[in-house]
Amino acid sequence: LRMRVAAGGGGGGASGAPDFPRLDVVDPERDPASPRFANDVEKDRAFKSWDPSLSGLLVPDPLGGPPRVRRNLLNFIAVVVLGDDADEENADDASRASWALVDALDRAAEQGVGFRVAHVLLTGDDTDDKNTEDDPDLPPGLGIADALARAHATLARRFGGRYAGTFVREVVSSRPETPAHPF
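The structure reproduced in this document is the subject of the present report.

1. What to know about the overall build of the protein chain
In step 1: When its secondary structure is counted, the protein chain shows 3 helices and 4 strands.
In step 2: The 183 residues of the protein chain split such that 31% are buried.
In step 3: If you take every contact in the protein chain between residues at least 6 apart in sequence, the share linking residues at least 24 apart comes to 55%.
In step 4: Within the structure as shown, the protein chain displays about 11,800 Å² of accessible surface, and the carbon and sulfur contribution to it stands at 52%.

The following block contains the structure:
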């Protein structure tokens, strides 16, 4: 399965068509670069009381939410465009929208909506704003967006999606509160 993700810029390939990064969504055992889901509804103990039968799709949820079926039916891959700018007022729209999506998915999960989620962290179009001497904790030439994306990919590859998902939730919780979401 191939998925095309809009690059957010108006760049273009050699033919003048927009450049789209490609994301292969395959079995992580077969391709170590594929996204890792942070949770699994079918195996997670939080959903053990849910009916695994697909006939549960026909039974409405009493609270008005999606049907409570213990299957991986709803799957989200949140593509997060990281901004190098720590100042929320100067962050670009794609970065703000990405973080708002992560916030919304996190709130839905806290309310018990059963879905799987994986995160793909992309650095923004601003590759010129690399760290020089601003942050002594980062190597020269490495921006915070690149460092976050590398850390997330390493956690997902070495330890699995659950740890990578926890990393993203920690990054979200450490970000400054935004006055309003762009949605």
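2. Regarding the nonpolar core
In step 1: Core analysis: the largest hydrophobic core is formed by 11 residues, namely Val80, Leu82, Trp99, Val102, Leu121, Ala145, Ala149, Phe167, Val168, Val171 and Val172.
In step 2: For this core, the elements supplying multiple residues, two or more each, are β3 (75–82), α1 (93–110), α2 (144–159) and α3 (161–174).
In step 3: A per-element tally of this core places α3 first, with 4 residues.
In step 4: Excluding residues that lie within four positions of it along the chain, Ala149 makes contacts with Leu82, Leu121 and Thr123.
In step 5: With 5 residues, the next largest nonpolar core counts Ala38, Ala78, Phe115 and Val117 among its residues.

3. Things to note about the packing of α1 against α3
In step 1: Two elements in contact, α1 and α3, have axes whose closest approach is 11 Å; the angle formed by their N-to-C orientations is 110°. Considering the angle they form, α1 stands roughly perpendicular to α3. Here α1 and α3 pass one another in a crossing that is left-handed. Judged by residue contacts, Trp99, Val102, Asp103 and Asp106 of α1 engage Val168, Arg169, Val171 and Val172 from α3.
In step 2: Each residue belonging to the contact of α1 with α3 can be placed in one class, and the counts come to 5 nonpolar, no polar and 3 charged.

4. What to know about empty space enclosed by the protein
In step 1: Using the criterion set out here, one finds 1 cavity of 30 Å³ or more in the structure.
In step 2: Considering only enclosed or pocket space, the largest cavity measures out at about 30 Å³ in volume.
In step 3: In terms of lining residues, the largest cavity is bounded by Arg36, Ala38, Val117, Ala118, His119, His152, Ala156, Gly161, Ala164 and Gly165.
In step 4: Where the lining of the largest cavity is concerned, the elements lending two or more residues are β4 (116–123), α2 and α3.
In step 5: Here the lining of the largest cavity is composed, by residue class, of 5 nonpolar, 4 polar and 1 charged.

5. Quick word on the pairing of β4
In step 1: With respect to burial, β4 is a largely interior element, 6 of its 8 residues being buried.
In step 2: Where β3 lies against β4, 8 bridges are found, and the strand directions are parallel. The partner of Ile77 across the bridge, within β4, is Ala118.

How each quantity is defined
- Residues numbered from 1 in each chain as written.
- Predicted model: local features only at pLDDT ≥ 70, side-chain atom pairs only at ≥ 80, totals over all residues.
- Heavy atoms only, no water.
- Helix = DSSP H or I, 4+ residues; strand = E, 2+ residues; numbered from the N terminus.
- Buried < 20%, exposed > 50% of the residue type's maximum accessible area, 1.4 Å probe, protein only.
- Contact = heavy atoms within 4.5 Å.
- Areas by Shrake-Rupley, 256 points an atom, 1.4 Å probe, with all protein chains shown as cover.
- Core = buried A, V, L, I, M, F, W, Y, C linked by side-chain atoms within 4.5 Å.
- Axes fitted to C-alpha atoms, helices over the stretch in contact; angles between N-to-C directions.
- Parallel < 35°, antiparallel > 145°, perpendicular 65-115°, else oblique.
- Left-handed = near helix turned anticlockwise from the far one by under 90°.
- Nonpolar A, V, L, I, M, F, W, Y, C, P; charged D, E, K, R; others polar.
- 1 Å grid on protein atoms, 1.4 Å probe; cavity = no way out; pocket = protein on both sides within 12 Å on 5 of 7 lines; lining within 4 Å.
- Points joined across faces, edges and corners; volume = space filled by probe spheres on them.
- Pairing = 2+ DSSP bridges.

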